[in-house]
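Coordinates in review
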Amino acid sequence: MPNFTDVTEFILLGLTCRQELQVLFFVVFLVVYMITLLGNIGMIILISISPQLQSPMYFFLSHLSFVDVWFSSNVTPKMLENLISKTKTISYVGCLVQCYFFIALVHVEVYILAVMAFDRYMAICNPLLYGSKMSRTVCMWLISVPYVYGFSVSLICTLWTYGLYFCGNFEINHFYCADPPLIKTACGGVHIKEYTMIVIAGINFTYSLSVVLISYTLIVVAVLRMHSADGRRKAFSTCGSHLTAVSVFYGTLIFMYLRRPTEESVEQGKMVAVFYTTVIPMLNPMIYSLRNKDVKEAVSKAITKANVGQ
């Protein structure tokens, strides 16, 4: 039986084998990727240059945009290359690297979303203490933990992926190196990888989602006690965008990773993966800007300043 050291490359089967659809998908996902980069990088720049966006909420949002740029860039360029290439391969090392960054960035993002929920709780439920409790130092600590934890957990998960054995079938039924199709392709070391994937995903999704749900439960209670209708409207407005992003991101990831890999689940997972690797990173800047008065005002001022400068 050949062991994992015999694998030099994998074949990514991608989204479809139909040539006409591959060309269409290439154009569509290239446009989506460009919008993702422009939207998220634009959000980071806007937050850095706008005085009215120098609050913890936008500090965390800038990091969410930063993670979304790398999250999409980890998957989309290779997918675009394979859509117009005849070989459609990825090296074994490249596959492990893609796995490592994907798992790391997923963990970073879910915990940034949890930190953002906690920030909204502090702002709405403890407004008088918000400035002192959410100082710059505290914010730096809160944002550092997801990065350190995410990349550390990913290293362990990738080592378990490295322990998978393959017996001649090197075709991955996906458009990037994801754990479920890799497990389905492997012939050895499967049970420990499958078990740890479900357990680690379950623990981290449950813990981070619990922070979100507890924070928003306390927020709802606090908002319902407000006497001002305008105050309630403003509180729900600032939380609505975040809740939308949380619901979409967690929903797709839970569908993908909290069940055993089968032929059917892997095939369905490809469609879901398109959504959270390409569409969600594109939508996040829109979700947080279209319903946010501060961001819209900052955009307007930046455009005005640019026109005056010309």
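For clarity, every value in this text was computed on a predicted model and none was experimentally measured.

1. Comments concerning the state of the cysteines
As enumerated under the stated definition, the model contains 2 disulfides in all. Here the protein pairs its bonded cysteines, counted in sequence order, in the arrangement 1-3, 2-4. Cysteine Cys 99 is unpaired, with the sulfur of Cys 95 as its nearest cysteine sulfur at 4.7 Å. The class for Cys 99 is buried, based on a relative accessible area of 2%.

2. Topic: empty space enclosed by the protein
Here the structure, examined in full by the defined rule, presents 4 cavities of 30 Å³ or more. Reported here for the second largest cavity is a volume of approximately 100 Å³. Around the second largest cavity sit Leu 12, Leu 13, Gly 14, Leu 15, Thr 16, Gln 22, Met 79, Asn 82, Leu 83, Lys 88 and Phe 175, which together line it. Among the elements that line the lining of the second largest cavity, the one with the most residues is helix α2 (residues 56-83), at 3 residues. Residue composition of the lining of the second largest cavity, by class: 6 nonpolar, 4 polar and 1 charged.

3. A short note on the packing of helix α5 (residues 136-162) against helix α7 (residues 190-224)
Between α5 and α7, the shortest axis-to-axis distance is 9 Å and the interhelical angle comes to 165°. As far as their axial angle goes, α7 and α5 are roughly antiparallel. Viewed along their axes, α5 and α7 form a crossing whose handedness is left-handed. On the side of α5, the interface is formed by Tyr 149, Val 153, Cys 157, Trp 160 and Thr 161, while α7 contributes Ile 192, Lys 193, Thr 196, Ile 200 and Asn 204.

4. Section: the pattern of salt bridges
Considering all chains together, one arrives at 3 salt bridges under this definition. Measuring nitrogen to oxygen at the nearest pair gives 3.1 Å for the salt bridge that ties Asp 119 to Arg 120. We note that Asp 119, like Arg 120, is buried. As a salt-bridge pair, Asp 179 and Lys 193 come within 3.1 Å of each other at their nearest N and O atoms. Here the residue Asp 179 occupies a position in helix α6 (residues 179-185), and Lys 193 occupies one in helix α7, the gap between them amounting to 14 residues. A residue is classified by how much of its surface remains accessible, and Asp 179, at 6% relative accessible area, is buried.

What counts, and where the lines are drawn
Residues numbered from 1 in each chain as written. Predicted model: local features only at pLDDT ≥ 70, side-chain atom pairs only at ≥ 80, totals over all residues. Heavy atoms only, no water. Disulfide = S-S within 2.5 Å. Buried < 20%, exposed > 50% of the residue type's maximum accessible area, 1.4 Å probe, protein only. 1 Å grid on protein atoms, 1.4 Å probe; cavity = no way out; pocket = protein on both sides within 12 Å on 5 of 7 lines; lining within 4 Å. Points joined across faces, edges and corners; volume = space filled by probe spheres on them. Helix = DSSP H or I, 4+ residues; strand = E, 2+ residues; numbered from the N terminus. Nonpolar A, V, L, I, M, F, W, Y, C, P; charged D, E, K, R; others polar. Axes fitted to C-alpha atoms, helices over the stretch in contact; angles between N-to-C directions. Parallel < 35°, antiparallel > 145°, perpendicular 65-115°, else oblique. Left-handed = near helix turned anticlockwise from the far one by under 90°. Contact = heavy atoms within 4.5 Å. Salt bridge = Lys/Arg side-chain N within 4 Å of Asp/Glu carboxyl O.

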